[in-house]
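Each chain, letter by letter, is given below.
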Amino acid sequence: MKYRLIAIDLDGTVLDGDGSVFPGAREAIHQVMAGGITVTLATGRMYQPSNRFAEELSISAPLICYQGALIREPGNGDIWWHKPLPHRVARKVIAGIRRLGVQQYAYVDGAIYVERVSDEDRRYARRNGVDLHPVDDLATLSHGRPTEIAARGQPEDIDLVVACIRDCCGSEVIVNKIHDSFCEIADAESGKGNALEYLAERLTIPRSQVVAIGDSPNDISMLRWAGLGIVVGDAPAEVREAADWVIGDGAQESFCEAIARLLDGDTPA
C-alpha cells in the first residue's frame, strides 16, 4: 500500500455514542499496523482518555489530542508538540465567556480547572480520568498556559459563546463547536491539520502518503491536508466536501469498509 501514516478520529469514527470501540474497528486497525503502516489517533479528547484508547487499540505512535493542540507519545511519554493559548488570549476568552454567564473550563497540564463545580462536572472529570480543580478565577491561573478552554451550556448559550469568541479573538483562536451544548477554544496554531502536518514531518512521511479518516467539522483541516481524506458515516455536508473519499452512511460499517479498501489498494487515482 502506498500510504504510510493513517490518522483516525475517535468519536463517531471508531467509537459509538457510549464511547466504546465499534465491533471490527480494533481488528481493522491491527491489520493496518501489521502491514507496516503507522496509525495515530487525532481527537478532540484530552490526553488521558486518548491514551487509554491507544492502549486498547495497541497504537504506539504519538497521539494528536485536544483538537491538535497537543501531540504526545502514549504511556505518558514525551510531548512532541504543544500549542497552548497565550495568557493574554486566554484571559480574553475567559472574560468573554464569563460575561455570558456560561460554565467554562480551563485545561492546564492535564487537569481541568473550573470556577463553579457541579455534579455534571465531576462526572465529566471522572469519565476522562482527570483531576478537577475548583478555583476562584480562571484568569488568575499562572502556573501554566491553558491547552484549551471550553464552555458548556444550553445550545443558544453556546451559539452566543462561539459568536462572541470569534468576534473578540478573531484569527488568534480556533473555535470548535463539539455538539449543541459544548464548544472548545484553542490556539490558532493548533488544529488537527497543523498537528498532522507536524507529525508527518517528524516521521519523515510525505503528505502524499498520509491518510486522515474522520466524520466531523473539527476533522476538516486534517482531511484537507492529508494526501487522502476519508469521511465515514453520515457526516455533515461541509465535512463530506472536504474529503477525497466518502464511504457509507453508518460509521461502524463505513470505517471497516474504508480500511478494507485501503488494504486492497482500492483507492482514488
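None of the values given here were measured: they were computed from a predicted structure. (Residues numbered from 1 in each chain as written. Predicted model: local features only at pLDDT ≥ 70, side-chain atom pairs only at ≥ 80, totals over all residues. Heavy atoms only, no water.)

K.L.:
Explain helix α2 (residues 47–56) here, please?
P.N.:
Because the α-helix completes a turn every 3.6 residues, residues three or four places apart line up on one side. Regarding α2, the residues found buried are Tyr-47, Pro-49, Ser-50, Asn-51, Phe-53 and Ala-54. On its buried face, α2 is in contact with β2 (38–41), β3 (63–65), β4 (70–72) and α4 (119–128). Ser-58 lies just past α2 and shows a positive phi near 60°. (Buried < 20%, exposed > 50% of the residue type's maximum accessible area, 1.4 Å probe, protein only. Helix = DSSP H or I, 4+ residues; strand = E, 2+ residues; numbered from the N terminus. Contact = heavy atoms within 4.5 Å.)

K.L.:
Sorry, what's going on with the sheet that holds β4 here?
P.N.:
The strands making up a sheet are joined through hydrogen bonds of the backbone, oriented either antiparallel or parallel. Ordered in space as β3-β4-β5, the three strands form an open sheet in which the pairing is antiparallel. The open sheet is flanked by β3 and β5 (79–82), the only strands paired with a single partner. Between one strand axis and the next, the sheet turns by 15° as a mean value, whatever way the strands run. With three bridges joining them, β4 and β5 adopt antiparallel strand pairing. Paired with Ile-71 across the two strands is Trp-81, which belongs to β5. Together, β3 and β4 form the strand contacts of α2, whose direction differs from that of β3 by roughly 145°. Against the sheet, helix α6 (residues 192–202) engages β3, β4 and β5, with an angle of about 145° to β5. (Pairing = 2+ DSSP bridges. Axes fitted to C-alpha atoms, helices over the stretch in contact; angles between N-to-C directions.)

K.L.:
So what exactly am I meant to see when it comes to the layout of surface pockets here?
P.N.:
It is a probe the size of a water molecule, rolled over the atoms, that shows where empty space is left. There is about 870 Å³ of room inside the largest pocket. Together, 36 residues line the largest pocket, and Asp-11, Arg-45, Ile-178, His-179 and Glu-184 are the ones closest to its centre. Contributing elements (two or more residues each) for the lining of the largest pocket: α2, α4, β9 (148–152), β10 (173–179) and β11 (182–187). Sorting elements by how many residues they give to the lining of the largest pocket places β10 first, with five residues. Considering only residue class, the lining of the largest pocket consists of eleven nonpolar, eleven polar and 14 charged. (1 Å grid on protein atoms, 1.4 Å probe; cavity = no way out; pocket = protein on both sides within 12 Å on 5 of 7 lines; lining within 4 Å. Points joined across faces, edges and corners; volume = space filled by probe spheres on them. Nonpolar A, V, L, I, M, F, W, Y, C, P; charged D, E, K, R; others polar.)

K.L.:
Got a minute to help me understand the nonpolar core in this structure?
P.N.:
Within soluble globular proteins, side chains that are nonpolar generally end up buried alongside one another. Judged by nonpolar contacts, the single largest core of 46 residues is most densely connected at Tyr-107, Ile-213, Ile-230, Phe-255 and Leu-262. With near-sequence residues (within four places) excluded, Tyr-107 lies in contact with Met-46, Tyr-66, Ile-112, Tyr-124, Arg-145, Pro-146, Thr-147, Glu-148, Ile-149, Ala-150 and Phe-182. If you look at the next biggest cluster of nonpolar residues, it comprises 26 residues, including Val-135, Leu-141, Val-161 and Cys-169. (Core = buried A, V, L, I, M, F, W, Y, C linked by side-chain atoms within 4.5 Å.)

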